[in-house]
Amino acid sequence: MNRMNIKNWKGMASLLTAAMLTLALAGCGNATTSEGTGTSTQQPAQEQSQGQEQTDLKTQYPLTVTDATGESFTFEKAPAKIVSVSPAETESLFALGLDEQIVGVSDYDDYPEAATTKPKMGGVSKPNEESIIAAEADIVFTGISMSEEAVTKLRELGITIFKTDPKSIDDVMNNIETFGKITDHQEQAQELITKMKQDVADVTEAVKAVKSEDQKKVYVEFSPGWTVGKGEFMDELITVAGGINVASDLVGWNEINEENIIASNPDVILYANDVIDENSKTLDQIIKERSGWDQITAVKNDAVIGLDANLLSRPGPRVTEGLKAVAKAIYPDLFQ
């Protein structure tokens, strides 16, 4: 992802900020498969129609699934035309080998490279309705950046839109499993999930020897003035990586309280490294120049570490690569 000004950043990189500023991330539930892949507390949303069985990783149609909004969808066959207006979902669909079926993506979808050549369908919280209708897609996928209200309005226009709302790594894997079943790409989905599970296992193994009294306190800022508390996948990345999120007293996405951050005195500060403001200041410069922040341990020890914004903030197939990057930033000696 190329460097961008703050206004553009607020519209992309999993597009969390745009969603948060409209309080759109408070969705209910998550689209997952009935065959859980981990310890997610979300209720499974995928349901096989009575009498259906999965044989040799081939989907038996008709297939009925339910998304994060509680809407049910029945597929008589694998969708031939797919639109995705969420970068994380777009990454998942391409990772499943659905390049030929994808007929449109959001204006901000930049990975993989093939996504940049697809017709653009507008923004992620408010996509271009006319473009989506013209694409004649069998299914439109959207993610955490679109509110349920916006989804409802699109459905009223006759657009078949499937929303996800992943809160954890397991939720992301469950969504990938669901996409694999919908599109009859289950083998590809299982291969991807296996790789992601190995990433989690590798990180867990590397940090398991860290004693509780030696755990590092971590503060993460992915857009100027915004951090994350409990109940979201970004908080889980810190926890699984063996760190303690200093904003864990909060729930969800929050504007920061600078005094609280200073008082919590994090050992490590993580930030999205692609953000610059209108004065060409990078996010780490913004952080370090705040009054009183020079007394924070992370700043004094030069442990203010930039991470790839997409890996940090997109709940897609590369979320476990983000986990590895977070873990290495917190405990570099454990990841040589």
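Residues numbered from 1 in each chain as written. Predicted model: local features only at pLDDT ≥ 70, side-chain atom pairs only at ≥ 80, totals over all residues. Heavy atoms only, no water.

A separate point is the overall build of the protein. The helix and strand tally for the protein stands at 13 helices and 13 strands. Looking at the protein residue by residue over its 336 residues, the buried ones come to 54%. Sequence-distant contacts, at least 24 apart, represent 64% of the contacts inside the protein between residues at least 6 apart. Taken as a whole, the protein presents about 14,500 Å² of accessible surface, with 46% of it coming from carbon and sulfur. (Helix = DSSP H or I, 4+ residues; strand = E, 2+ residues; numbered from the N terminus. Buried < 20%, exposed > 50% of the residue type's maximum accessible area, 1.4 Å probe, protein only. Contact = heavy atoms within 4.5 Å. Areas by Shrake-Rupley, 256 points an atom, 1.4 Å probe, with all protein chains shown as cover.)

With that out of the way, let us pick up the packing of helix α6 (residues 169–182) against helix α7 (residues 186–207). Contact geometry for α6 and α7: axes closest at 8 Å, N-to-C directions at 165°. Taken together, the axes of α6 and α7 lie roughly antiparallel to each other. Seen from above, α6 lies across α7 with right-handed handedness. On α7, the residues that touch Ile-169, Val-172, Met-173, Ile-176, Glu-177, Gly-180 and Lys-181 of α6 are Gln-186, Ala-189, Gln-190, Leu-192, Ile-193, Met-196, Lys-197 and Val-200. For the contact of α6 with α7, a count of residues per class yields nine nonpolar, three polar and three charged. (Axes fitted to C-alpha atoms, helices over the stretch in contact; angles between N-to-C directions. Parallel < 35°, antiparallel > 145°, perpendicular 65-115°, else oblique. Left-handed = near helix turned anticlockwise from the far one by under 90°. Nonpolar A, V, L, I, M, F, W, Y, C, P; charged D, E, K, R; others polar.)

What follows deals with the sheet that holds strand β8 (residues 217–221). Taken together, the four strands give an open sheet; going across it, the order is β10-β8-β12-β13, and neighbouring strands pair in parallel fashion. Two strands in the sheet have a free side with no partner beyond their single neighbour: β10 (244–245) and β13 (304–307). (Pairing = 2+ DSSP bridges.)

The final tally for this structure, using the stated rule, is seven aromatic pairs. Their ring planes at 45° and their centres at 5.3 Å tell us that Phe-73 and Phe-162 sit as a pair that is tilted. With a gap of 89 residues between them, Phe-73 in strand β3 (residues 72–75) and Phe-162 in strand β7 (residues 161–163) connect regions that are remote in the sequence. Judged by its relative accessible area of 8%, Phe-73 is buried. Between Phe-141 and Phe-179 the ring centres are 4.9 Å apart and the planes differ by 65°, which places this aromatic pair in the edge-to-face class. (Phe/Tyr/Trp six-rings, centres within 6.5 Å; stacked < 30°, edge-to-face > 60°.)

With respect to the secondary-structure elements, Ser-264 resides in helix α9 (residues 258–264). Separated by 45 residues in the primary sequence, Ser-264 and Tyr-219 have C-alpha atoms spaced 9.1 Å apart. Ignoring anything within four residues of it in the chain, the contact list for Ser-264 reads Lys-217 and Val-246.

What follows concerns α7. In this model α7 runs 32 Å from its N-terminal to its C-terminal C-alpha over 22 residues, within 8% of the 32 Å that 1.5 Å per residue would give. Where α7 is concerned, the buried positions are Gln-186, Ala-189, Leu-192, Ile-193, Met-196, Asp-199, Val-200, Val-203 and Val-207. Axial view of α7: buried residues confined to an arc of 140°, hence all on one face. Turned more than 90 degrees away from the buried face of α7 sit Glu-191 and Thr-194, all of them exposed. In this structure, the buried side of α7 is in contact with α3 (87–95), α6, α8 (233–240) and α13 (319–330). (Expected span 1.5 Å × (residues − 1). Arc of directions from axis to C-beta.)

Looking at the secondary structure, you find Ser-313 in helix α12 (residues 309–313). Here Ala-309 takes part through its backbone oxygen, which lies 2.6 Å from a polar atom of the side chain of Ser-313. (Polar contact = N/O pair within 3.5 Å; in protein donor to acceptor, adjacent residues only side chain to side chain.)

Turning our attention to the confidence of the model for the protein. Of the residues in the protein, 84% have a pLDDT of 70 or more, and the chain-wide mean is 87. Note that residues 1–55 has pLDDT below 50 and, in this model, 168 contacts with residues that lie over four places away or in other chains. (pLDDT = per-residue confidence, 0-100.)

The subject of this paragraph is the sheet that holds strand β5 (residues 102–105). Strand-to-strand pairing in sheets goes through backbone hydrogen bonds, with the strands running parallel or antiparallel. Ordered by their spatial adjacency, four strands build an open sheet running β5-β4-β6-β7, and the pairing between neighbours is parallel. Taken across any chain shown, the strands that pair with only one partner, and hence form the sheet edges, are β5 and β7. Across the sheet, the mean angle from the axis of one strand to that of its neighbour is 20°, orientation sign disregarded. Here strand β4 (residues 82–84) runs beside strand β6 (residues 139–142); their pairing, made up of three bridges, is parallel. Residue pairing for β6: Ile-82 is matched across the bridge by Ile-139. In the packing of α3 onto the sheet, contacts are made with β4, β5 and β6, and the angle to β4 comes to roughly 140°.

Of note, Thr-69 is situated in the loop between β2 (63–66) and β3. A sequence separation of 95 residues divides Thr-69 from Thr-164, and the C-alpha atoms of the two residues are 8.0 Å apart.

This next bit is on the pattern of salt bridges. Side-chain pairing between opposite charges can occur once the charged atoms of the two side chains come close. A complete count under the given rule lists 17 salt bridges for this structure. The partner of Lys-167 in a salt bridge is Asp-165, with the nearest N and O atoms 3.8 Å apart. Judged on exposure class, the residue Lys-167 and its partner Asp-165 are both buried. What emerges from the salt-bridge pattern is a single network uniting Glu-91, Asp-110, Arg-314 and Arg-318. (Salt bridge = Lys/Arg side-chain N within 4 Å of Asp/Glu carboxyl O.)

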